[in-house]
Amino acid sequence: MILRTVFFLFAAAAMATAQHPDSAFPAHKVVGNVYYVGSSELSSYLITTPQGHILINSSFEETVPLIRASVEKLGFKFGDIKILLNNQAHGDHVAGSALVKQLTGAKVMVMKGDETVVSTGGGGDFQYTDRWKACPVDKVLHDGEKVSLGGSELVAHLTPGHTRGCTTWTMTATENGKKYEVVIVGGVNVNPGFQLVNNAKYPEIADDFARTFRVLKALRCDVFLGAHGAYYGMAEKYPRLGKSAENPFVDPAGYQAMAKEKEAAYLQKLASQKKGGK
Ligand SMILES: [Zn+2]
């Protein structure tokens with residue numbers, strides 16, 4: 001019976017891996033000084049400045065060498081990363097943070113609500129119990145706070161629910177004299193097992209998700225990015241990059257459609273759970 005259970009757990013884990021095989025993805029310039037340096041499944045962004053760089057999302061510890069290779073392929077130095085940010089304190093976005101900090105000495109800044117999960121390596125998450133290497137947090141951010149380096153300015157928008165401190169980043173990028181509003185969406189999914197009703201560990205989760213969709217729908221977006229490439233159709237858009245004068249990542253309609261679709265999915269789950277369903 002125990003062996004059988006172990007086998008099923010193993011099979012389930014193998015299936016999960018098979019469904020989401022992570023691998024290297026071509027590093028590319030998105031717009032202005034914003035570059036994609038993440039993997040096929042997990043997004044990382046490099047914001048370059050004359051005074052060093054900002055990295056968003058360290059992903060898993062195993063992903064860090066892929067990120068480093070991408071940064072170097074673009075002609076930048078990994079050691080020039082001065083600030084490490086994230087979109088959400090789930091292991092697939094922050095488990096590599098301790099290693100990035102160790103390799104670069106970057107200052108780690110985390111939105112209030114996610115700081116304990118990062119500083120303890122997974123402790124205090126309302127849903128998950130997985131653990132990873134703890135990473136010291138140098139600065140706790142608050143909603144609307146600006147992170148500035150070398151003339152670039154990122155704004156941290158609290159978009160909670162997916163995690164308590166889930167963060168959507170915005171910045172204005174300039175290319176060929178034109179300005180673009182860039183939005184890097186933090187997290188919009190009500191994951192399997194998330195309890196929106198009577199959640200003792202996160203009583204305000206439903207209100208937090210509602211707030212997130214209000215915030216996202218109100219943001220002005222030209223360039224649509226997110227914590228996973230799947231949020232914004234990276235794999236479909238990337239091959240079109242450089243093929244015409246149009247930048248495929250400029251997609252305000254796709255951004256609004258995503259916010260509405262994810263809000264509808266949230267509302268449906270909320271209604272179902274209120275009726276006693278999953
Ligand atoms: Zn997540």
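Refer to the preceding data block for the structure.
Given the structure is predicted, the values throughout are model-derived calculations rather than measurements. (Residues numbered from 1 in each chain as written. Predicted model: local features only at pLDDT ≥ 70, side-chain atom pairs only at ≥ 80, totals over all residues. Heavy atoms only, no water.)

Trainee: Can you help me understand the overall build of the chain in this one?
Mentor: Scanning the chain for helices and strands turns up nine helices and 12 strands. Whereas a compact globule of 278 residues would reach a radius of gyration of roughly 19 Å, the chain reaches 19 Å, a difference of no more than 12%. Here the C-alpha coordinates of the chain stretch approximately 60 × 40 × 35 Å along the principal axes. Residues classed as buried in the chain amount to 51% of the 278 residues present. In the chain, once contacts between residues fewer than 6 apart in sequence are set aside, the share between residues at least 24 apart is 66%. When the accessible surface of the chain is totalled, it reaches about 13,200 Å², and 56% of it is carbon and sulfur. (Helix = DSSP H or I, 4+ residues; strand = E, 2+ residues; numbered from the N terminus. Rg over C-alpha atoms; globule rule 2.2 N^0.38 Å. Buried < 20%, exposed > 50% of the residue type's maximum accessible area, 1.4 Å probe, protein only. Contact = heavy atoms within 4.5 Å. Areas by Shrake-Rupley, 256 points an atom, 1.4 Å probe, with all protein chains shown as cover.)

Trainee: When you look at the side chain of H157 in this model, what are you seeing that I'm missing?
Mentor: Within the secondary structure, H157 sits in strand β9 (residues 152-158). For H157, a relative accessible area of 15% corresponds to the buried category. For H157, the side chain forms a polar contact with the side chain of T170, separated by 2.8 Å. Setting aside its immediate chain neighbours within four residues, H157 contacts M111, D143, C166, T167, T168, T170, V215 and L219. (Polar contact = N/O pair within 3.5 Å; in protein donor to acceptor, adjacent residues only side chain to side chain.)

Trainee: Help me understand the coordination of the zinc ion in this model?
Mentor: Geometry sets the ideal angles at a metal, namely 109.5 degrees for four tetrahedral donors and 90 or 180 degrees for six octahedral donors. Here the zinc ion is held by the protein donor atoms Q88 (OE1), H90 (ND1) and H162 (NE2), which lie 2.2 Å from it. Each donor residue of the zinc ion belongs to the same chain, with the gaps between them written as Q-x1-H-x71-H. In this pair, H90 is assigned in the loop between β5 (81-85) and α3 (91-94) and H162 in the loop between β9 and β10 (167-175), connecting sequence segments 72 residues apart. (Donors = N, O, S within 2.8 Å, 3.2 Å for Na, K, Ca; no water.)

Trainee: For this particular structure, what's the right way to read the sheet that holds strand β11 (residues 178-185)?
Mentor: Neighbouring strands of a sheet are bound in pairs by backbone hydrogen bonds; such pairs are parallel or else antiparallel. If you walk across this open sheet you meet the five strands as β8-β9-β10-β11-β12, and the pairing is mixed. Both edges of this open sheet fall to β8 (146-149) and β12 (223-226), since each of them pairs with a single strand only. Geometrically, the sheet is characterised by an average inter-axis angle of 25 degrees between neighbouring strands, direction not taken into account. Pairing of β11 with β12, which is carried by four bridges, proceeds in the parallel orientation. Bridged to V185 within β12 is G226. (Pairing = 2+ DSSP bridges. Axes fitted to C-alpha atoms, helices over the stretch in contact; angles between N-to-C directions.)

Trainee: Just to check I follow, could you spell out helix α6 (residues 205-218) for this structure?
Mentor: Given a rise of 1.5 Å per residue, 14 residues ought to cover 20 Å, and the 20 Å separating the end C-alpha atoms of α6 matches this to within 8%. Along α6, the positions that sit buried rather than exposed are I205, A206, D208, F209, T212, F213 and L216. Along the long axis of α6, the arc covered by the buried residues comes to 160 degrees, so they all point the same way. Turned more than 90 degrees away from the buried face of α6, the exposed residues are D207, R214 and A218. Looking at the buried residues of α6, the elements they touch are β10, β11 and α9 (252-274). (Expected span 1.5 Å × (residues − 1). Arc of directions from axis to C-beta.)

Trainee: How should I be thinking about α9 in this particular structure?
Mentor: The α-helix winds at 3.6 residues per turn, so residues separated by three or four positions along the chain end up facing the same way. Compared with an ideal rise of 1.5 Å per residue, which puts 23 residues at 33 Å, α9 spans 33 Å between its outermost C-alpha atoms and is within 8% of the ideal. What α9 keeps buried is the set Y255, M258, A259, E263, Y266, L270 and Q273. Summarising the contacts, the buried residues of α9 are in contact with β11, α6, β12 and α7 (229-232). Positive phi appears at G276, one or two residues downstream of α9, with a value of about 100 degrees.

Trainee: Looking at this structure, how should I read the state of the cysteines?
Mentor: Covalent bonding between the sulfur atoms of two cysteines defines a disulfide. Counted under the stated rule, the structure contains zero disulfides. C221 provides the cysteine sulfur closest to C166, a residue in no disulfide bond, and the two sulfurs are 16 Å apart. C166 sits in the buried class, given a relative accessible area of 0%. A relative accessible area of 6% places C221 in the buried class. (Disulfide = S-S within 2.5 Å.)

Trainee: I would appreciate a short explanation of the pattern of salt bridges in the present structure.
Mentor: Two side chains with opposite charge may pair up if their charged atoms get near one another. This model, assessed by the stated rule, comprises 11 salt bridges. E61 is the salt-bridge partner of K133, the closest N and O atoms lying 2.9 Å from each other. Placement of the pair is K133 in the loop between α5 (115-120) and β7 (139-141) and E61 in the loop between β4 (52-56) and α2 (64-73), with a sequence separation of 72 residues. (Salt bridge = Lys/Arg side-chain N within 4 Å of Asp/Glu carboxyl O.)

Trainee: Please explain unusual backbone geometry as it appears in this structure.
Mentor: When glycine is set aside, most residues are seen to have a negative phi, and most peptide bonds are trans. With a phi angle near 50 degrees, N176 is a residue other than glycine that sits in the positive phi range. Tracing the backbone through its elements, the reader meets N176 in the loop between β10 and β11. Judged by relative accessible area, N176 falls into the exposed class, the value being 78%. Of note, N198 is a non-glycine position whose phi angle comes to about 50 degrees, a positive value. By the element assignment, N198 lies in the loop between β11 and α6. Judged by relative accessible area, N198 falls into the exposed class, the value being 70%.

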